[in-house]
Amino acid sequence: MDKKRRNFLIGTSAVAASASIVGYKKTLKQAVTMSTDGEKAKDPIYGNSYKPEYSYVNDQFVPNDDFKICPTTCIGCVTQCGVRVKIDKKTDKVLRVFGNPYNLLSSDPWLPYNTSIKESYEILSQNGKFEKYRSNVCARGNAVFDKIDDKFRVLKPLKRVGKRGENKWKEIEIEQLIDEIVNGGNLFGEGHVKGLKDVRDIKTPINPDEPVFGPKSNGLCFIGTTHEGRFKVVVNRFLKSFGTCNWAGHGATCGLSMRAGEAAYLGNFKKYPHLKPDFENTEYLLSIGTPPGQAGNPFKRQGKLLARARSEGNIDYTIVSPMQGNSDMISAGSRSHWIPIKPGTDLAFVMGVLQIIINNKMYNKKYLSMPSAKAMKALNDVSWTNAAHLIIQDKDGFGKILKDGKIPLVLDATDNTLKSSNDVIQAVLDFKGSVEYKGKTYSVRTSFNELKENVNELSLQEYSKECGVSIETMQEVAKKLVTHGRKASVDCHGGTMHTTGFYTAYAVMLLGAMVGSLNYKGGMSAGGGAYKDFIGKKYNLFAYKGKPNIKATRIDRARMSYEKTNEYKNKLAKGENPYPAKGNWFPFTSQLSHHILNNSAEGYPYKLDVLITNSSDFLYGTSGSESKMKELLADPKKSIPLFIAVDPFINDTSKYADYIVPDSVLYETWGIVHVWNGYLTKCNTLRFPVVKPKQATFKNGEPIEMISFMIALGKKLKLPGFGEKAIKGNDGNWYPLNKAEDIYLRAFENIAMDGTPVPDATDEDIKLSGIEDYVPSLKRICGKNWRKTAYVMARGGRYEDVEDSYKGEFLAHQYKKPVQIYNETVGTTRNSLTGERYSGTIKFFKQRQVGGKTYDEIYPKDKYPLTAFSFKSNVLATPDANSNNLAEIRFTTYIDLNPKTAKEFGLNLGDLVEVASEYGKVKGYLRYRNGVMPGCIGVEHGLGRDASGAENIVINGKTIKAIIRRKSGVDINKIGLLDPTAGMQTASDFVCGSNARHAIPVKIKKVKGV
Ligand code: SF4
């Protein structure tokens, strides 16, 4: 191909899509001829498949010594399933990935934990048992291991030689990199850059006018990705030791609205718990915007459980979404129903359903009237709510719950008198009026009364008009929910990532409260928990001598209320209206990665000095990052003076870094992960390197990766908790922290010893699980417990048995705190920009800016006639851009429209179209999809990259050519909105600040080109 033409093609993602047939052609040819690149296959039936891992000779189990089969964790997506990988011993290459039959994320039921490794193989090849314990990975999990050998992998430390974002680098030694980032200097010929040693000042305030913001050491910020097994270690051993409170993961751009809404419902903004259906036994599942099998976490497990419940159980299932996902299909017959809905209007739908349930008294009154744990026990129930608690309505104390000390007061339903909730079995549920307490009259209402009034703010007709779902359909859903009662469940997730997502998620959960299915078999579960790992019987691995106790304010203004600042107090003292604040504050939000660049650029609350990221691609993941965040990151003077990315690849974010530190990939890494949710029994999944990391090493032979980099930095900075005498055992002895195994093997030992310790691993277990190389380290670090630790490693983790899931009709692991029909924290908080008091229970809002104007007013239909949304892929995932195998399964993504809508706009299948919002444009090919709500545009998320091999990279003056297909597809985040009423941050939920990626008003037109 002509070189100029080729470069032009690489420049357009739409054109890359048109090349898709080239990719498929090759696969097609190979499939037809059973060949590899023209070579005839070895076997006409089995093609070029690898030899089996083991076989039976004369009924004897004989492992194939050419391979090792090791347990590990797949991190192809955030589910983090326990898997086994087949490795060629000669080449140290991963050949195949399959499920770990002990791990509940890959098998259901899973093997009893005391099954020997040999038996585990035998069972998987025996008729009758194989079907039961079959363990698998998804299409993505079996494809992405080729990332390990991707030509764009960073193997040596890099320093930029061009401007930020130009993707021009030179290789340097890791010692030079550490020296430069610690000491600072004129590192790029652009002026002095502050090094980490100067940033680490844990005494001087970062802003003398606001001591509550903490010391200068908060000038360091860390952004990771998901909790993939190393995040907690970096936070607790390095960031806390450094003295910063600034760290964030990917949650604010993933599912924060759901997490915040459910944290409000569950009354726990500290730990942010959330609920999932007991998929196996639920009789009715109402899923809002998160079709199992298409999306959600745990992706593979919930898809499998739902499929089984549909084919063998008696589930009835409804998905409410602008797009028909994989969970609704003809083969499910009448058990599955899709309710199309306008994007961003789920709140109207749920308010309508709640109104029907409440006004027709279809709710579980006995459940909602239990005002305390004592009442719950007396009535042999397993959860309770604050529906009957009394909320003060007087100016003094407005929004607070009326209490005697810490105990809420309620009206006893038997005699209508005010009593301690601990002394009442059934309280008055629906009350608004005044009560006398200790000689004072209080105007009060019950939580339930406020809920009832709020769901009746609009009529059913109005709710129906808002969301495009008929009243009859809402009535049908309400009836199904209450009919199945304790065996009904509700679910939502990323579909709530819009400007009113917090109240949407809270409302969805309140449907569950109407039937009281929390902690019931077939109802809702907060998860099964985990064995103690980093803080356990043998060690507290997060405690160390000299750990600073820093109290500070986060750069994203999360977990902090504006009312604690001197800015607020000074305005009050001067008699001024304290609102608006200079920016928005989020007192009950956990973290907001997409606000960090803007806040630092504004110096409010303060300016950052250094950003370290680890496999984070927050620019690609943030809706609306295109318009402002990229510009802020590209200029070191604007927001981040020094940016270090610890990353195995150069992605859309790390291409703006000043330095890139190589990282391990997939099965080369250490980690301990817990199941996110959607499980009922304890589970810890482990990861330790089972193939040799490919990247450069430190002088001590440790591969350069996040943990070894952290240790090296900690030592160079002389931080507490690194080097000799860094880890204190519960036996009082001190141990060193010089390598990743020093911390992880001890955490594995904690897991092994938790509760009743696990048995010892046999030599056969160790050999058949491929962990023989770890025996010397196990003996050195775990001493007499080394075989117990090996027992856990050989099984890839520790798991409670499936039989421990239930106690009769209840879940074995139950959520203990009361359900909040009204959340006092929310009800006593104001928006710091508008001064608007948040509603403590759900309330209807249209899509809006923080300032209050609705999208209907700002983006009228005559200008933006369509609404765009993204949907999660069942194949693509954010971290997998560097997998060529995956491109063979999903080459590109499209702009999906219902054919009716396409026709209205004069568009046809295959047209190149441009979709534009107020803040951005994207091009792509139009695809007809009957399963998209008319009037909407859907885009599968995961492609349309500007890095990760989608553009040329220059290292040491040599160009690594881009791969055309890496550019392919549509990135809908490029049309994300900004919010001028919130300091031009990316559009966010107006309560919890989560990134709003759905319900974007857009226009569409056909464009010329290829
Ligand atoms: S769902 Fe698939 S890609 Fe995700 S962790 Fe599990 S096997 Fe890997």
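One structure accompanies this document, and this report is about it.

The rules behind the values
- Residues numbered from 1 in each chain as written.
- Predicted model: local features only at pLDDT ≥ 70, side-chain atom pairs only at ≥ 80, totals over all residues.
- Heavy atoms only, no water.
- Phe/Tyr/Trp six-rings, centres within 6.5 Å; stacked < 30°, edge-to-face > 60°.
- Buried < 20%, exposed > 50% of the residue type's maximum accessible area, 1.4 Å probe, protein only.
- Lys NZ or Arg CZ within 6 Å of the ring centre and 35° of its normal.
- Helix = DSSP H or I, 4+ residues; strand = E, 2+ residues; numbered from the N terminus.
- Pairing = 2+ DSSP bridges.
- Contact = heavy atoms within 4.5 Å.
- Polar contact = N/O pair within 3.5 Å; in protein donor to acceptor, adjacent residues only side chain to side chain.
- Axes fitted to C-alpha atoms, helices over the stretch in contact; angles between N-to-C directions.
- Parallel < 35°, antiparallel > 145°, perpendicular 65-115°, else oblique.
- Left-handed = near helix turned anticlockwise from the far one by under 90°.
- Nonpolar A, V, L, I, M, F, W, Y, C, P; charged D, E, K, R; others polar.
- Salt bridge = Lys/Arg side-chain N within 4 Å of Asp/Glu carboxyl O.
- Disulfide = S-S within 2.5 Å.
- Core = buried A, V, L, I, M, F, W, Y, C linked by side-chain atoms within 4.5 Å.
- Arc of directions from axis to C-beta.

1. Remarks on the packing of aromatic side chains
In step 1: By the definition in use, this model includes 39 aromatic pairs.
In step 2: When the ring of Phe502 is compared with that of Tyr503, the centres are 5.1 Å apart and the planes differ by 70 degrees; the resulting orientation is edge-to-face. Here Phe502 matches Tyr503 in class, with each residue buried.
In step 3: Here the aromatic rings of Tyr562 and Tyr568 are separated by 5.3 Å at their centres, their planes lie at 80 degrees, and the arrangement is edge-to-face. Across this residue pair, the class does not change: Tyr562 and Tyr568 are buried.
In step 4: Ring pairing ties together the aromatic residues Phe269, Tyr272, Phe502, Tyr503, Tyr506, Phe588, Tyr838, Phe845 and Phe990, which thus form one cluster.
In step 5: When the ring centre of Phe990 is taken as reference, the NZ or CZ atom of Arg848 above it lies at 3.7 Å.
In step 6: One cation-aromatic arrangement involves Arg945 over Tyr620; the distance from NZ or CZ to the ring centre is 4.0 Å.

2. Here we look at the pairing of strand 20 (residues 407-411)
In step 1: With four of five residues buried, strand 20 lies mostly within the body of the structure.
In step 2: Of the pairings in the sheet, the one linking strand 19 (residues 403-404) to strand 20 comprises two bridges and is antiparallel in character. Looking at strand 20, one finds that Asp404 is bridged to Ile407.
In step 3: Taking the residues that link successive antiparallel strands as the turn, the strand 19-strand 20 hairpin has two residues, and the phi of Gly405 there is positive, at about 65 degrees.

3. Side note on the environment of Asn268
In step 1: Within the secondary structure, Asn268 is located in the loop between helix 10 (256-266) and strand 14 (276-277).
In step 2: Note on Asn268: relative accessible area 12%, which makes it buried.
In step 3: Each C-alpha atom of the pair Asn268 and Gly624 lies 30 Å from the other, and the pair is 356 residues apart in sequence.
In step 4: Not counting chain neighbours up to four residues away, the residues in contact with Asn268 comprise Ala263, Pro273, Tyr815 and Lys817.
In step 5: For Asn268, the side chain forms a polar contact with the main-chain nitrogen of Lys271, separated by 3.0 Å.

4. So, the packing of helix 12 (residues 346-359) against helix 15 (residues 447-455)
In step 1: Two elements in contact, helix 12 and helix 15, have axes separated by 9 Å at closest approach and are oriented at 120 degrees. With respect to each other, helix 12 and helix 15 are oriented oblique. Crossing hand, helix 12 versus helix 15: left-handed. Where helix 12 abuts helix 15, its residues Met351, Leu354, Gln355 and Ile358 lie against Phe448, Leu451, Lys452, Asn454 and Val455.
In step 2: Taken together, the residues of the contact of helix 12 with helix 15 sort by class into six nonpolar, two polar and one charged.

5. Quick notes on the side chain of Ser870
In step 1: Tracing the backbone through its elements, the reader meets Ser870 in strand 36 (residues 866-871).
In step 2: Overall, the relative accessible area of 8% leaves Ser870 in the buried class.
In step 3: In this structure, Ser870 is in contact with Val939, Ile972, Arg997 and His998, ignoring residues within four places of it in sequence.

6. Things to note about the sheet that holds strand 7 (residues 93-99)
In step 1: The strand order across the open sheet formed by three strands is 5-6-7, and the pairing between neighbours is antiparallel. Where the open sheet ends on each side, the last strands, each with one partner, are strand 5 (67-73) and strand 7. When the angles between neighbouring strand axes are averaged without regard to direction, this sheet yields 30 degrees.
In step 2: Here strand 5 runs beside strand 6 (residues 82-88); their pairing, made up of seven bridges, is antiparallel. From the neighbouring strand, Phe67 faces strand 6, where its bridge partner is Asp88.

7. Overview of the pattern of salt bridges
In step 1: Using the criterion set out here, one finds 60 salt bridges in the structure.
In step 2: The residue Asp150 makes a salt bridge to Arg966 at a minimum N-O spacing of 2.7 Å. Of this pair, Asp150 sits in the loop between helix 5 (130-133) and strand 8 (158-160) while Arg966 is found in the loop between strand 42 (958-960) and strand 43 (978-979), placing the two residues 816 residues apart along the sequence.
In step 3: A network of salt bridges, in which partner residues are shared, links Glu228, Arg230, Asp663, Arg687 and Glu705.

8. What about the state of the cysteines?
In step 1: Inspection of the entire model under this criterion finds zero disulfides.
In step 2: Of all cysteine sulfurs, the one in Cys245 lies closest to Cys221, which takes part in no disulfide; the gap is 8.9 Å.
In step 3: Cys221 sits in the buried class, given a relative accessible area of 0%.
In step 4: Free of any disulfide, Cys782 has its nearest cysteine sulfur in Cys70, 18 Å distant.

9. So, the nonpolar core
In step 1: Of all hydrophobic cores here, the largest spans 118 residues; its most connected members are Phe238, Tyr667, Phe709 and Tyr744.
In step 2: If you tally residues by element for this core, the top one is helix 24 (residues 740-753), at eight residues.
In step 3: When residues no more than four places from it in sequence are discounted, the contact partners of Phe709 are Ile174, Leu177, Ile178, Ile181, Ile644, Val646, Val661 and Phe698.
In step 4: Formed by 83 residues, the second largest nonpolar core is a distinct cluster that contains Phe269, Leu429, Ala488 and Val508.

10. A few points about helix 19 (residues 566-573)
In step 1: Looking only at helix 19, the buried set comprises Glu567, Tyr568 and Lys571. Buried residues of helix 19, viewed axially, fall in a sector of 100 degrees; they line one side.
In step 2: Looking at the residues trailing helix 19, positive phi occurs at Gly575, about 80 degrees.

11. As for the sheet that holds strand 18 (residues 390-392)
In step 1: Strand order in the open sheet formed by three strands is 18-23-22, and the pairing between neighbours is antiparallel. This sheet does not close on itself; its edge strands, each paired only once, are strand 18 and strand 22 (432-437). Put simply, the sheet's adjacent strands are angled 50 degrees from each other on average, direction ignored.
In step 2: With three bridges joining them, strand 18 and strand 23 (residues 440-446) adopt antiparallel strand pairing. Residue pairing across strands places Ile392 opposite Val444, the latter belonging to strand 23.
In step 3: Contacts between helix 15 and the sheet are confined to strand 18, strand 22 and strand 23, with strand 23 contributing the most and set at about 50 degrees to the helix.

12. Thoughts on the packing of helix 12 against helix 17 (residues 471-484)
In step 1: At a minimum axis distance of 9 Å, the contact between helix 12 and helix 17 shows a crossing angle of 60 degrees. The pairing of helix 12 with helix 17 is recorded here as oblique in orientation. For the crossing formed where helix 12 meets helix 17, the hand is right-handed. For the pair formed by helix 12 and helix 17, the contact residues are Phe349, Gly352, Val353, Ile356 and Ile357 on the first element and Ile471, Met474, Gln475, Val477, Ala478, Leu481 and Val482 on the second.

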